[in-house]
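Structural overview for review
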Amino acid sequence: DAKTTQPPSMDCAEGRAANLPCNHSTISGNEYVYWYRQIHSQGPQYIIHGLKNNETNEMASLIITEDRKSSTLILPHATLRDTAVYYCIASLYNQGGKLIFGQGTELSVKP
Amino acid sequence: DTEVTQTPKHLVMGMTNKKSLKCEQHMGHRAMYWYKQKAKKPPELMFVYSYEKLSINESVPSRFSPECPNSSLLNLHLHALQPEDSALYLCASSNQGSATNEKLFFGSGTQLSVL
């Protein structure tokens, strides 16, 4: 599994877009990029994943660079409930479902 | 029903005790996972079961013994634990565990304290 690097913490104003970066420079061609978040005292929650193309769902957008060495998770209108630790994971998911978490980014959304 | 249910939510045990953590899902998922999470750290993978067979053991000490009685249930048997084993134990499930494009559904965890 490729190693991922994220900033340890970020702040975002409520109502603004939160852009969370992730570096995965050693990612291989068949590794997906996954994002999960963990709100305090809860289990991690799946947000989104992608391979090459940008992806969007009801929670967020995922932008992956053309060389796939980095990606950005975008929460378009952050709310206080989005305060959580966000984990970026590059996972060779077709080998037994091994999902290895990195250190994550602690996002604080402030009023 | 998209829930993974873990019991108990909190557990305090002595180093000589035997206890079990339980996890249940009714989403028809065939893969189930145990993760361990220390405070302020990311979850660490312990075990993966796929189609009720143990497919991954991340070199976990034998004082942790997983069991998958059927596709809906996952247990973690604990015996002779050490204080450093105190952590949040998370259970997760996914559709198959060996395919791409899968997402994991996590329970809220069991907070374990070993005295």
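Residues numbered from 1 in each chain as written. Chains lettered and ligands numbered in written order. Predicted model: local features only at pLDDT ≥ 70, side-chain atom pairs only at ≥ 80, totals over all residues. Heavy atoms only, no water.

**Considering the overall build of chain A**
- For chain A, the helix and strand inventory stands at zero helices and nine strands.
- Counted from the first residue to the last, chain A has its helices and strands arranged as β-β-β-β-β-β-β-β-β.
- Against the compact-globule benchmark of 13 Å for 111 residues, chain A has a radius of gyration of 13 Å, which places it among compact chains.
- When contacts within chain A are restricted to residue pairs at least 6 apart in sequence, those whose partners lie at least 24 apart make up 57%.
- A total of about 5,500 Å² of accessible surface is found on chain A, and carbon and sulfur atoms cover 49% of it.
- Across chain A, the mean location of the 9 positive side-chain charges is 3 Å away from that of the 10 negative side-chain charges. (Helix = DSSP H or I, 4+ residues; strand = E, 2+ residues; numbered from the N terminus. Rg over C-alpha atoms; globule rule 2.2 N^0.38 Å. Contact = heavy atoms within 4.5 Å. Areas by Shrake-Rupley, 256 points an atom, 1.4 Å probe, with all protein chains shown as cover. Lys, Arg positive; Asp, Glu negative; His and termini not counted. Charge placed at Lys NZ, Arg CZ, Asp CG, Glu CD.)

**Here's the deal with unusual backbone geometry**
- The residue after T7(B), namely P8(B), is reached through a cis peptide bond having omega -10°.
- Relative to the elements of secondary structure, P8(B) occurs in the loop between β1 (4–7) and β2 (10–13).
- The backbone of S41(A) shows a phi angle near 70°, a positive value even though the residue is not glycine.
- Among the secondary structure elements, S41(A) is positioned in the loop between β3 (32–38) and β4 (45–50).
- Since its relative accessible area comes to 56%, S41(A) is described here as exposed. (Buried < 20%, exposed > 50% of the residue type's maximum accessible area, 1.4 Å probe, protein only.)

**A short note on the state of the cysteines**
- The full count for this structure, using the stated rule, is two disulfides over all chains.
- A disulfide bridge connects C22(A) with C88(A), and the sulfur atoms are separated by 2.1 Å. Across the S-S bond linking C22(A) and C88(A), the dihedral sits near -80°, which makes this disulfide left-handed. Of this pair, C22(A) sits in strand β2 (residues 18–23) while C88(A) sits in strand β8 (residues 84–91), placing them 66 residues apart in sequence.
- The residue that forms a disulfide with C23(B) is C91(B), at a sulfur-sulfur distance of 1.9 Å. Between C23(B) and C91(B) the sulfur-sulfur dihedral comes to about -75°; the bridge is accordingly left-handed. With C23(B) in strand β3 (residues 18–25) and C91(B) in strand β9 (residues 87–94), this residue pair connects regions lying 68 residues apart in the sequence. Like C23(B), the residue C91(B) is buried in the burial classification. (Disulfide = S-S within 2.5 Å.)

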